[in-house]
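Read off the chains here:
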Amino acid sequence: MKLENIFTIVLICLGICQIQAAGTLLETCKDEKEFKNLLKTRPNLLILFSKNEDGVVKDKIRLFKEVSVEVRNLATIAYINCDTLKKVCKKLKINPEPFEIKHFSEGKFHKDYDRQLVKKSIISFLKDPKGDLPWDEEEDSKDVVHIKDEASFNKLLKKYAKSDKIGILGMFYAPWCGYCKKLKPDFSAAATELKKKQVLAGIDVDLTENYGLRKTFNITGFPTLLYFKSGQLQFQYGGENNKDSIVEWMNDPQPPKPKEEEKSWADEEDVHVTFLTDDTFDQFIELHKNVLVKFYAPWCGHCKHMKPVFNSVAKQLKEENSENIIAFVDATKETKLAQRFKIKGYPTIKFFQDGKYAWDYSERSEEKILEYMRNPTEPPKKEEEPEWKDEKSHIFHADAQSFASFIKTKKHALAFFYAPWCGHCKKAKPEITQAAEHFKDELKVAFVAVDCTKHQSICEQFDVKGFPTIIYLNYGKNPKPYEGGREAKDFVKFMKNPQDPNSAKSDPRDDWADFPGNKHVHLLDDSSFDEFINSKRKVLVMFYAPWCGHCKNMKPAYALAANDVTSFVPGSYLAAVDATVNSQLNKKFELRGFPTLKFFENGQFKFDYNGGRNKEDFVEFLRNPVQTKSEL
């Protein structure tokens, strides 16, 4: 190495702080200027402050030296002697007795370190400084057996394999899951009450080390509670999610009671559509000149969302004495019809005329469907789009033969399962293509697309239920659902660090930053929602998805309305929730599509808002929040 290069490196090191000794990366500063440079250049910084290096402080310095080496590519560890840097400590209002530990993020004070002073806890904190306290560090969880990896779980099963009295209840969870956070205190309290009688274990299956367990036990939702005895899985937990119920159930474990079968759509009240089956379909179609048929699946969110729309149209057609018919076919039961008409996704809408299939139909609004059924005419034919695989890009288009062999050579692969007709897939396609372009020179990173209308076996292998479904794989193993945003920047951010549980999450402030008035839109999440709603008189909440086109179109007006409401409608507020990352609220309000707007008054949900989407519409509504006819 040239002398001038060595000299430059030395100057850079001295310009920030000094590394104390060989074998450690602990940094120290000799003056205020070096401290400011440290803050400026170290985005993830943990500092130990003290007035001397005696006694207990000496032990902490030794600990920080060890940690500094472990986190060398993740964070910076530093030590500041307040006798030497009195001005720095005075400005920060630090008077260590005998020491204080503070975390700084992007040059600003973040928080006092509040975890255990052991290597494992410090490293865990620096991996996610803004995250919650790990469950295994919570004081009331000391009687829960915290599983660190698959080997320790198997060891636990083996330990009690010969016991005919002690069973194991495993809670498979993800740290970000709202329902898991809510259950943890009750689960911990139950573990304490059942101590030495039964075992309650917590397994974080969001950790890479536990992906194998996630796959073995088919963990697809959180939390999942499974009961083990004699070293084997017995059945799923069948009680309620509270301490007393867990204790009672563990004293007499029984399989969960079968759920009552969901009522068939055809058996619901006030139904005006006609339900057809494999046996009745052909004769009915022959007897009626114009029939619009929706092929659906009972579990499909879009189908449920559209059900009242079609039912309302059918009712109006009857009232007008129209001979044109709206019909439904449950494609999960009437499998012959589903195969015959090649139903690949839900809902699929087909129009039949003079006893024969005529064309597919794509409109979704009540007004347009009613207008169409009053005078059915063939929609203009669209030019056939070229297949995605024929477009030039850095996406690998896989089939049943090439998928497995390709992804097993890639350290990081993001698989995009889609259907060509799917609107959400079409919107995400240019974004994921752009992300693939970003990584075109990374040989171990791949973006893979699978057309599920052609390669069903792969999609069935990954239990694809809707489109698009996006899954991350590591050398073809440990599949993990991707739950982040669907813009290129979101995919890029995730693929830069797929093992980070926060890498897929987009900052909601970024979703609104470009819209004037955005500072008056209150961004809520699973943890802040109830407190905010309960403390305000009137709140209109927009539940959205970052990738949703209708949401994007509505945001400018919504932000401007928030600004006006703050000034002219006292006691009223506009709020927003990213429903793609706040699963607790998503499930609580049974969100089926985006955007969904809900009105709350004095802490109580009143009704869904289905009014206009201009600034004036939102402001006028909050001046006089009356439920319109379409909302009744």
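Keep in mind the model is a prediction, meaning the values are calculated, not measured. Once a new chain begins, its residue numbering starts again from 1 and follows that chain's sequence as written. Local features in this predicted model are restricted to residues of pLDDT 70 or higher, and side-chain atom pairs are both shown and tallied only at a pLDDT of 80 or more, whereas totals for entire chains, interfaces and linings draw on every residue. As a rule here, side-chain values come from all non-hydrogen atoms in the structure, and water together with hydrogens is ignored.

1. Comments concerning the state of the cysteines
Next up, step 1: By disulfide we mean two sulfur atoms from cysteines, separated by a distance within 2.5 Å. On inspection of all chains with the given rule, the structure shows two disulfides.
Next up, step 2: Two residues, Cys82 and Cys89, share a disulfide whose sulfurs are 2.0 Å apart. Sign of the S-S torsion, about -80 degrees for the bond between Cys82 and Cys89, identifies this disulfide as left-handed. By the burial criterion, Cys82 is buried, and Cys89 matches it. Note on exposure labels: buried denotes an accessible area under 20% of the residue type's maximum, exposed denotes more than 50%, and partly exposed covers the range between, all computed with a 1.4 Å probe on protein chains only.

2. Focus on the sheet that holds strand β19 (residues 445-451)
Next up, step 1: Strands were regarded as paired on the criterion that DSSP finds at least two bridges between them. Put simply, DSSP H or I for four residues or longer makes a helix, DSSP E for two residues or longer makes a strand, and each gets a number counted from the N terminus. If you trace the five strands from one edge of the open sheet to the other, you get β17-β19-β18-β20-β21, paired in mixed fashion. What marks the edges here is a single partner per strand, and that holds for β17 (396-397) and β21 (477-481).

3. Section: the sheet that holds strand β15 (residues 348-353)
Next up, step 1: Read from one edge of the open sheet, five strands run β12-β14-β13-β15-β16, paired in mixed fashion. Looking at which strands have only one partner, the edges of the open sheet turn out to be β12 (274-275) and β16 (356-360).
Next up, step 2: As defined by bridge partners, β15 adjoins β16 across four bridges and the pair is classed as antiparallel. Its bridge partner lying in β16, Phe352 is registered against Tyr357.

4. Let's talk about the nonpolar core
Next up, step 1: Phe153, Leu169, Phe172, Phe187, Leu200 and Ile246 are the most contacted members of the largest nonpolar core, which has 40 residues in total.
Next up, step 2: Of all the elements in the fold, those that place two or more residues in this core are α6 (150-159), β8 (168-173), α7 (178-193), β9 (199-204), β10 (224-229) and α9 (243-251).
Next up, step 3: The contact rule is simple, with two residues in contact once any of their heavy atoms fall within 4.5 Å. Discounting chain neighbours no more than four positions away, the residues touching Phe172 are Phe153, Ile203, Val205, Leu213, Phe217, Ile219, Phe222, Pro223, Thr224, Leu226 and Phe228. As used here, the term nonpolar core means buried Ala, Val, Leu, Ile, Met, Phe, Trp, Tyr and Cys residues forming a set that is joined through side-chain atoms within 4.5 Å.

5. A short note on helix α3 (residues 55-70)
Next up, step 1: A helix is expected to span 1.5 Å for every residue after the first. Given a rise of 1.5 Å per residue, 16 residues ought to cover 22 Å, and the 24 Å separating the end C-alpha atoms of α3 matches this to within 8%.
Next up, step 2: Within α3, the full set of buried residues consists of Val57, Lys60, Ile61, Leu63, Phe64, Val67 and Ser68. One side of α3 carries all its buried residues, which in axial view fall inside an arc of 165 degrees. Counted as exposed and oriented over 90 degrees from the buried face of α3: Gly55, Lys58 and Glu70.
Next up, step 3: Looking at the packing, one finds that the buried side of α3 touches β3 (44-50), β4 (76-81), β5 (99-105) and α5 (119-127). Arc definition: directions from the helix axis to the C-beta atoms.

6. A short note on the pairing of strand β13 (residues 290-296)
On a regular strand, each side chain points to the face opposite its neighbour's, so the side chains alternate between the two faces of the sheet.
Next up, step 1: Among the seven residues of β13, seven are classified as buried, and the element is accordingly described as predominantly covered.
Next up, step 2: Taken together, the six bridges between β13 and β15 define a ladder with antiparallel strand orientation. Across the sheet, Lys294 pairs through a bridge with Ile349, a residue of β15.
Next up, step 3: Sheet topology places β13 next to strand β14 (residues 325-330); six bridges connect them, and they run parallel. Among the inter-strand pairings, Val293 is bridged to a residue of β14, identified as Ala327.
Next up, step 4: Crossover β13 to β14 through helix α11 (residues 301-319) is right-handed. The handedness rule is simple: strands pointing away from the viewer, and a clockwise path from the first strand over the helix to the second, make the crossover right-handed.

7. Remarks on the side chain of His103
Next up, step 1: Along the chain, the position of His103 falls in strand β5.
Next up, step 2: Within the structure, His103 has its side chain in polar contact with the side chain of Asn44 (distance 2.6 Å).
Next up, step 3: Discounting chain neighbours no more than four positions away, the residues touching His103 are Asn44, Leu45, Leu46, Lys108, Phe109, His110, Lys111, Phe125, Leu126 and Pro129. Under this definition, polar contacts are N or O atom pairs within 3.5 Å; protein pairs additionally need one hydrogen-donor-capable and one acceptor-capable atom, and for neighbouring residues in sequence, both atoms have to be side-chain atoms.

8. Some details on the domain arrangement of the chain
Next up, step 1: What counts as a domain boundary in this text is fixed by an automatic or database domain assignment. Segmenting the chain into domains produces domain 1 (27-131), domain 2 (136-251), domain 3 (274-374), domain 4 (388-496) and domain 5 (508-623).
Next up, step 2: With centres defined by C-alpha atoms, the gap from domain 4 to domain 5 works out at 32 Å.
Next up, step 3: Accessible-area loss on putting two parts together, using a 1.4 Å probe and summing over both, is the definition of buried area adopted here. It is Lys427, Arg486 and Glu487 in domain 4 that bury the most area against domain 5; as a group they hold 55% of the surface buried on that side.
Next up, step 4: Salt bridge, as used here: a side-chain nitrogen of Lys or Arg that lies within 4 Å of a carboxyl oxygen of Asp or Glu. Here domain 4 is connected to domain 5 by one salt bridge.

9. Looking at the pattern of salt bridges
Opposite charge on two side chains makes pairing possible when the charged atoms of those side chains draw close.
Next up, step 1: Here the structure, examined in full by the defined rule, presents 30 salt bridges.
Next up, step 2: The salt bridge involving Lys91 is made with Glu32; its shortest N-O contact spans 2.7 Å. One end of the pair, Lys91, is in helix α4 (residues 86-91); the other, Glu32, is in helix α2 (residues 32-41), with 59 residues separating them in the sequence.
Next up, step 3: Of the residues examined, Lys91 reaches a relative accessible area of 59% and is grouped as exposed.
Next up, step 4: In this structure, Lys350 engages Asp360 in a salt bridge whose closest nitrogen and oxygen atoms are separated by 2.9 Å. Highlighted residues: Lys350 in strand β15 and Asp360 in strand β16, separated in sequence by ten residues.
Next up, step 5: For Lys350, a relative accessible area of 9% puts it in the buried group.
Next up, step 6: The exposure class of Asp360 is partly exposed, given its relative accessible area of 40%.
Next up, step 7: A cluster of three or more residues bridged by salt bridges with shared partners is formed by Glu487, Lys489, Asp490 and Lys552.

10. Comments concerning the pairing of β21
Next up, step 1: Where strand β20 (residues 469-474) meets β21, three bridges bridge the pair, whose relative direction is antiparallel. When the sheet's bridge partners are listed, Asn474 is paired in β21 with Lys477.
Next up, step 2: The loop that links β20 with its antiparallel partner β21 comprises two residues; one of these, Tyr475, has a positive phi angle of about 50 degrees.

11. Remarks on helix α20 (residues 549-568)
Next up, step 1: Taking 1.5 Å per residue as the helical rise, α20 with its 20 residues ought to reach 28 Å, and the 29 Å between its terminal C-alpha atoms agrees with that figure.
Next up, step 2: Within α20, the axis deviates most sharply at Lys555, by approximately 40 degrees, and proline Pro556 lies no more than four positions further along.
Next up, step 3: Taken together, the buried positions of α20 are occupied by Gly549, Cys551, Met554, Lys555, Ala557, Tyr558, Ala559, Ala561, Ala562, Asp564 and Val565. One axis is fitted to the seven residues ending at the residue and one to the seven starting there. The bend at that residue is the angle between these axes.

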